[in-house]
Amino acid sequence: MDYMLQWRVLPLLTLLASFLLLFYIQNSSKSSQKECSLLPYQHYWITSKRIVTPQGVISGSVEIKEGKILSIVKEEDWQGKSKVGHIVDYEEAVVMPGLIDVHAHLDDPGRAEWEGFPSGTKAAAAGGITTLVDMPLNSFPSTVSQETLKLKIKAAKERIYVDVGFWGGLVLENAFNASALEALLNAGVLGLKSFMCPSGINDFPMTNSSHIKEGLSVLAKYRRPLLVHAEIQQDSEIHLEAKDGSDDAHSYSTYLKTRPPSWEEAAIRELVAVTKETRSGGLAEGSHLHIVHLSDSSSSLELIKEAKNGGDSITVETCPHYLAFSAEEIHDGDTRFKCAPPIRDAANKEKLWEALLEGHIDMLSSDHSPTVPELKLLDDGNFLRAWGGISSLQFVLPVTWSYGQKYGVTLEQLALWWSERPAKLAGQELKGAIATGNLADIVIWEPDVEFDLNDDYPVYFKHPSISAYMGTKLSGRVLATFVRGNLVYKEGKHAPAACGVPILAR
Ligand SMILES: NC(=O)N[C@H]1NC(=O)NC1=O
Ligand SMILES: [Zn+2]
Ligand SMILES: [Zn+2]
């Protein structure tokens, strides 16, 4: 009898146990999804009077389901339709594609005390950046091989609040080694980056145009870009004199003289000789060259324009600090403003804006390049010895908007410079625009809300004191940021879990 009972009860117990296990698994995955987002819905609508789409600014709703944009409905077509799912109404706030920052140094692994993935990507989320591409240098080791990319991916695991892609380094040790470069590209870097002058980082040596030529020929096969820091050291008298200590190292004009526009011009002259091969029928057809952080808006820009007119596959970015500040305003000893190439005079800045508005400069990037305050030498104020790099990651949207007011910058232009064109550079076809089928990477912000960047302002990147923007007043407050449909940031609060995804090229 007992034996018979066992035979009946045991299968029942097993069945019950499997049900319980299934229930547990489902619920635990649900709760981890909850940790990724401050909005507990998989299917919902974002409504606003100002949605920035590639077809213009519309009033209407964006339908989001399981991380993607399912449909976009204009207000006039919206009436009478039955909507399945939750509705979040942002009223007059702007709904724009999330920003894509193709140039940020998060310094992780190895120099996480300078920034690190968690603080850097929290700052990005709070600033409306939904994807960033991490530079291969300032972390240790530099990302110059398949193995070092693996270390990056490991460091990013469950520590990123927005999506992060990686550039690989084109350096002396791999430039003439096609199989090493291919291994790095096969491992998933979105493209390569090189320096034509000393990078300031020992394990990231500079390259010349023959290395760049080699790199481009490998990249052509992968259809991925090469990004170049375009400055070549010219041993001008001014430069030597300043290094000598005969000028005052605490005055900004001394630093400015050490890196004249001719450095950028010399580098770009060599680059445009190489990019001729990117034209159709050329040896490097299929590859693309992107000049990072252009500061010189004179001869350097003319060379780029000519190359573009000739059909070269070439683009250029500048950064908010070159558009916001001018050399005349930088106080002696204020090394927060030190970067390379340097911030030049007001006339140069005006021409940069003009070039951006006319479409000769393709996009913007932060070049967020922090360090620890000690190396910024804030107390000493020696421009020649301080770390060169601007800290800006969380502020790029309000900075571009605030300083762009004078030039009549539009919401569509912001989306073009910060989302659409950067997405193209980084090969991200499902990002960069509010369009059906794309990933739901979205920023909601209020252009007219002003705020002071004072000591009480919540800054998420690690060292706010070294940022040149602290102490300024900006307009354009980020309300909410969605990454792949997850509400990762809302009014001063981040989602509990870091659910950004490492983006690897395939
Ligand atoms: N190593 C590094 O981040 N350098 C950056 N800093 C800067 O101001 N310009 C750069 O290229
Ligand atoms: Zn650089
Ligand atoms: Zn940089």
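An account of the accompanying structure is given in this report. (Residues numbered from 1 in each chain as written. Chains lettered and ligands numbered in written order. Predicted model: local features only at pLDDT ≥ 70, side-chain atom pairs only at ≥ 80, totals over all residues. Heavy atoms only, no water.)

**Overview of the overall build of the protein chain**
When helices and strands are tallied, the protein chain shows 16 helices and 19 strands. Whereas a compact globule of 506 residues would reach a radius of gyration of roughly 23 Å, the protein chain reaches 25 Å, a difference of no more than 12%. The burial tally for the protein chain puts 57% of its 506 residues in the buried class. Residue pairs in contact within the protein chain that sit at least 24 positions apart in sequence constitute 78% of those at least 6 positions apart. (Helix = DSSP H or I, 4+ residues; strand = E, 2+ residues; numbered from the N terminus. Rg over C-alpha atoms; globule rule 2.2 N^0.38 Å. Buried < 20%, exposed > 50% of the residue type's maximum accessible area, 1.4 Å probe, protein only. Contact = heavy atoms within 4.5 Å.)

**A word on the sheet that holds strand β13 (residues 314-318)**
One open sheet accounts for 6 strands, arranged β9-β10-β11-β12-β13-β14; its pairing is parallel. Looking at which strands have only one partner, the edges of the open sheet turn out to be β9 (168-169) and β14 (363-364). Note: β9 against strand β10 (residues 192-195), 2 bridges, orientation parallel. Bridge pairing in β10 links Gly168 to Leu192. The sheet strands contacting helix α7 (residues 209-222) are β10, β11 (225-229) and β12 (288-291), and the helix crosses β11 at an angle near 155 degrees. (Pairing = 2+ DSSP bridges. Axes fitted to C-alpha atoms, helices over the stretch in contact; angles between N-to-C directions.)

**Overview of the sheet that holds strand β8 (residues 163-166)**
The parallel open sheet is built from 4 strands, whose spatial order is β6-β7-β8-β19. In the strand order of this sheet, the two ends are held by β6 (99-104) and β19 (502-503), each with one partner. By the bridge criterion, 4 bridges tie β6 to strand β7 (residues 129-134) in an arrangement that is parallel. Bridging from a neighbouring strand, Leu99 pairs with Ile129 of β7. Docked against the sheet, helix α3 (residues 117-126) engages β7 and β8, running at close to 140 degrees with respect to β7.

**Section: the coordination of the zinc ion (ligand 2)**
For the zinc ion (ligand 2), the protein coordination sphere consists of His229 (ND1) and His293 (NE2), at 2.1 Å. In this structure, the zinc ion (ligand 2) is positioned 3.7 Å from the zinc ion (ligand 3). Linking His229 in strand β11 with His293 in the loop between β12 and α11 (299-309), this pair joins segments that are 64 residues apart in sequence. Grouping residues by exposure puts His229 and His293 together as buried. (Donors = N, O, S within 2.8 Å, 3.2 Å for Na, K, Ca; no water.)

**Side note on α7**
Here α7 is 14 residues long and its end C-alpha atoms lie 20 Å apart, about the 20 Å a rise of 1.5 Å per residue gives. Looking at the buried side of α7, the elements it contacts are α5 (172-175), α6 (178-186), β10, β11, α10 (261-274) and β12. Note on α7: the residue one or two positions beyond its end, Arg223, has a positive phi of about 55 degrees. (Expected span 1.5 Å × (residues − 1).)

**Details of the site of ligand 1**
The full set close to ligand 1 counts 14 residues, and Asn138, His229, Ala340, Ser369 and Gly388 are the nearest of them. At 2.9 Å, a backbone N or O of Gly388 approaches a nitrogen atom of ligand 1. Between ligand 1 and Gly389, the relevant distance is 3.5 Å, taken from an oxygen atom to a main-chain nitrogen or oxygen of the residue. For ligand 1, whose unbound accessible area comes to 290 Å², protein coverage reaches 96%. Within the shell around ligand 1, the residues separate by chemical class into 5 nonpolar, 8 polar and 1 charged. (Near = heavy atom within 4 Å. Polar contact = N/O pair within 3.5 Å; in protein donor to acceptor, adjacent residues only side chain to side chain. Areas by Shrake-Rupley, 256 points an atom, 1.4 Å probe, with all protein chains shown as cover. Nonpolar A, V, L, I, M, F, W, Y, C, P; charged D, E, K, R; others polar.)

**Structural notes on the pairing of β8**
Looking along a regular strand, one sees the side chains alternate between the two faces of the sheet. Alternating residues of β8 divide into Asp163 and Gly165 and Val164 and Phe166, and every residue in both groups is buried. With 4 bridges connecting them, β7 and β8 associate as parallel partners. Its bridge partner lying in β8, Asp134 is registered against Phe166. Where β8 and β19 come together, 2 bridges link them in parallel fashion. Residue pairing across strands places Val164 opposite Pro502, the latter belonging to β19.

**So, the environment of Gly67**
Along the chain, the position of Gly67 falls in the loop between β2 (56-65) and β3 (68-74). A C-alpha to C-alpha distance of 39 Å links Gly67 and Arg336, two positions 269 residues apart in sequence. If we skip the residues at most four places from it in the chain, Gly67 touches Leu439, Ala440, Arg484 and Gly485.

**Some words on the nonpolar core**
Core analysis: the biggest nonpolar cluster contains 101 residues, and Met96, Ile212 and Trp445 have the highest contact counts within it. Sorting elements by how many residues they give to this core places α10 first, with 6 residues. Leaving out residues up to four positions away in the same chain, Met96 has contacts with Val52, Leu397, Leu411, Leu414, Ala415, Ile434, Asp441, Ile442, Val443 and Trp445. (Core = buried A, V, L, I, M, F, W, Y, C linked by side-chain atoms within 4.5 Å.)

**Focus on the packing of α7 against α10**
Running from N to C, α7 and α10 cross one another at 35 degrees; their axes reach a closest spacing of 10 Å. Crossing handedness for the pair α7 and α10: right-handed. Between α7 and α10, the residues in contact are Ser209, Ile212, Lys213 and Leu216 and Glu270, Leu271 and Val274, respectively. Grouping the constituent residues of the contact of α7 with α10 by class yields 4 nonpolar, 1 polar and 2 charged. (Left-handed = near helix turned anticlockwise from the far one by under 90°.)

**A closer look at the coordination of the zinc ion (ligand 3)**
Taken together, His103 (NE2), His105 (NE2) and Asp367 (OD) make up the protein donors of the zinc ion (ligand 3), found 2.0 to 2.2 Å from the metal. The sequence pattern describing where the donors of the zinc ion (ligand 3) fall on their chain is H-x1-H-x261-D. Here His105 falls in the buried class, since its relative accessible area comes to 4%.

**Here's the deal with the packing of α10 against α11**
Where α10 contacts α11, the two axes come as close as 8 Å, and the packing angle between them is 15 degrees. When the axis of α10 is compared with that of α11, the two are roughly parallel. Between α10 and α11 lies a crossing whose hand is left-handed. Seen from α10, the contacting residues are Pro261, Glu264, Glu265, Ile268, Arg269 and Val272; seen from α11, they are Ser299, Ser300, Leu303, Ile304 and Ala307. A per-class count over the contact of α10 with α11 returns 6 nonpolar, 2 polar and 3 charged. (Parallel < 35°, antiparallel > 145°, perpendicular 65-115°, else oblique.)

**What about the side chain of Ser61?**
By secondary structure assignment, the location of Ser61 is in strand β2. A polar side-chain atom of Ser61 sits 2.8 Å from a polar atom in the side chain of Thr47. Residues in contact with Ser61, not counting those within four places in the same chain, are Trp45, Ile46, Thr47, Ile51, Ser71, Ile72, Val73 and Trp78.

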